[in-house]
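Topology and contacts: notes
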Amino acid sequence: MKTSDFSYDLPSELIAQHPAQKRDQSRLMLLNKKTGEINHKKFYNIIDYLNNGDVLVLNDTRVMPARIFGHRPEKDESIEILLLNHKGDTWETLAKPGKKLKIGTEIIFSDELKAQVVDISEDGSRFLKFIYSGIFEEILDRLGEMPLPPYIQEKLEDKERYQTVYSKEIGSAAAPTAGLHFTKELLKKIEEKGIEICFITLHVGLGTFRPVKVEDVTKHKMHSEFYIIRDDVAKKINKAKDEGRRIVAVGTTSIRTLESASDDKGYVEAKSGWTDIFIYPPYKFKCVDALITNFHLPESTLIMLVSSLSTREIILNAYNVAVKEKYRFFSFGDAMFIY
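Overview of the structure. Keep in mind the model is a prediction, meaning the values are calculated, not measured. (Residues numbered from 1 in each chain as written. Predicted model: local features only at pLDDT ≥ 70, side-chain atom pairs only at ≥ 80, totals over all residues. Heavy atoms only, no water.)

1. Focus on the sheet that holds strand 2 (residues 38-42)
- Overall, mixed pairing links the nine strands, which are arranged 2-1-17-16-14-3-12-13-15 in an open sheet. The open sheet has two edge strands with one neighbour each: strand 2 and strand 15 (271-275). Each strand of the sheet is rotated relative to its neighbour by a mean of 25 degrees, with strand direction disregarded.
- Sheet topology note: the strand 14 (residues 247-250)/strand 16 (residues 290-294) ladder contains three bridges and is parallel. The residue bridging Ala 249 from the neighbouring strand is Leu 291, located in strand 16.
- Across the sheet, helix 4 (residues 252-260) lies against strand 3 (55-59), strand 12 (196-202), strand 13 (225-229), strand 14, strand 15 and strand 16, angled at about 85 degrees from strand 12, the strand it touches most.
- Against the sheet, helix 5 (residues 301-309) contacts strand 16 and strand 17 (335-338), and its axis sits at roughly 150 degrees relative to strand 16. (Pairing = 2+ DSSP bridges. Helix = DSSP H or I, 4+ residues; strand = E, 2+ residues; numbered from the N terminus. Axes fitted to C-alpha atoms, helices over the stretch in contact; angles between N-to-C directions. Contact = heavy atoms within 4.5 Å.)

2. Let's talk about the pattern of salt bridges
- Taken as a whole and judged by the stated rule, the model has 20 salt bridges.
- Where Lys 100 meets Glu 77, a salt bridge forms, and the shortest distance between an N and an O atom there is 3.3 Å. Placement of Lys 100 in the loop between strand 7 (90-96) and strand 8 (106-110) and of Glu 77 in the loop between strand 5 (67-70) and strand 6 (79-87) is noted, with a sequence separation of 23 residues between them.
- Residue class for Lys 100 comes out partly exposed when judged on its relative accessible area of 31%.
- Accessibility expressed as a relative area gives 17% for Glu 77, which makes it buried.
- Here Arg 245 and Glu 196 are joined by a salt bridge, their closest N and O atoms 3.2 Å apart. Within this pair, whereas Arg 245 is found in the loop between helix 3 (231-242) and strand 14, its partner Glu 196 is found in strand 12, the two being separated by 49 residues in sequence.
- Using a relative accessible area of 18% as the deciding quantity, one classes Arg 245 as buried.
- Salt bridges sharing common partners tie together Glu 196, Lys 239, Glu 243 and Arg 245. (Salt bridge = Lys/Arg side-chain N within 4 Å of Asp/Glu carboxyl O. Buried < 20%, exposed > 50% of the residue type's maximum accessible area, 1.4 Å probe, protein only.)

Function-wise, these values are silent; they only describe arrangement.
See below:
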């Protein structure tokens, strides 16, 4: 399987620069994973395609204002730091320009926040130990910026539009964007229809979005991300599996979490830990039956994952139809329901 097998042509004007005016007014492509049949709806129509008894699994992570700017002592410069993962008492970060930051280098962000480089990984990530007085999250909220993807050039006026309405557990460097389409009102209607809603947590790192730089897909290495599946959620999912009900994942982060914690029969274990699962064709899903997702970058690990739920040919055909129909792509773009 080659990385280039997952390429498609995308005109730049179809990359969404801002969210839809109302979250659930995005377009929704319905894709039958077996036949490839395609239908076009609005996202609020999703309720008509979820069945009584389905379990809808959402990722309740909350995005940190993870982009902060500092400088070395007595240097007139700007060093950009992007927080990725919290590991022990250090943070894995991306630094720009990184070449200035050797082990032992101090970075000053403000009077209340400094950091020291304590390690450098093989891929160039800098591990920082932060020095501060007070509550780190509150300081970050004052100093940090929302880490929008580089393909979004327009300024986001309302930071909450890069958060899901159910975001709760702070720790992500990027939003689980499939969930951005839900409103509280739509979720209430979904529950009233008899669909169980469950929340898992996976803190999204930028490793999910890093380009695949090898042509042989099997040689790509995913970065680890931290996840949590609580006991009550595992019990609900396992009961649904016993009763033959569908597990519908919202977003690739939810699907990766569930598949990481499932046994061969699709039963989920209540646990927390790190996952670097990389799903690409051919892959036999153990837990998840259907997926709500956005449209992903060409040659990305995410388009490989969604291809695994159907076939590469069916997914690429759907993407080409989306281009022809002028769907909006990527984080603030439209959605697809693969069922």
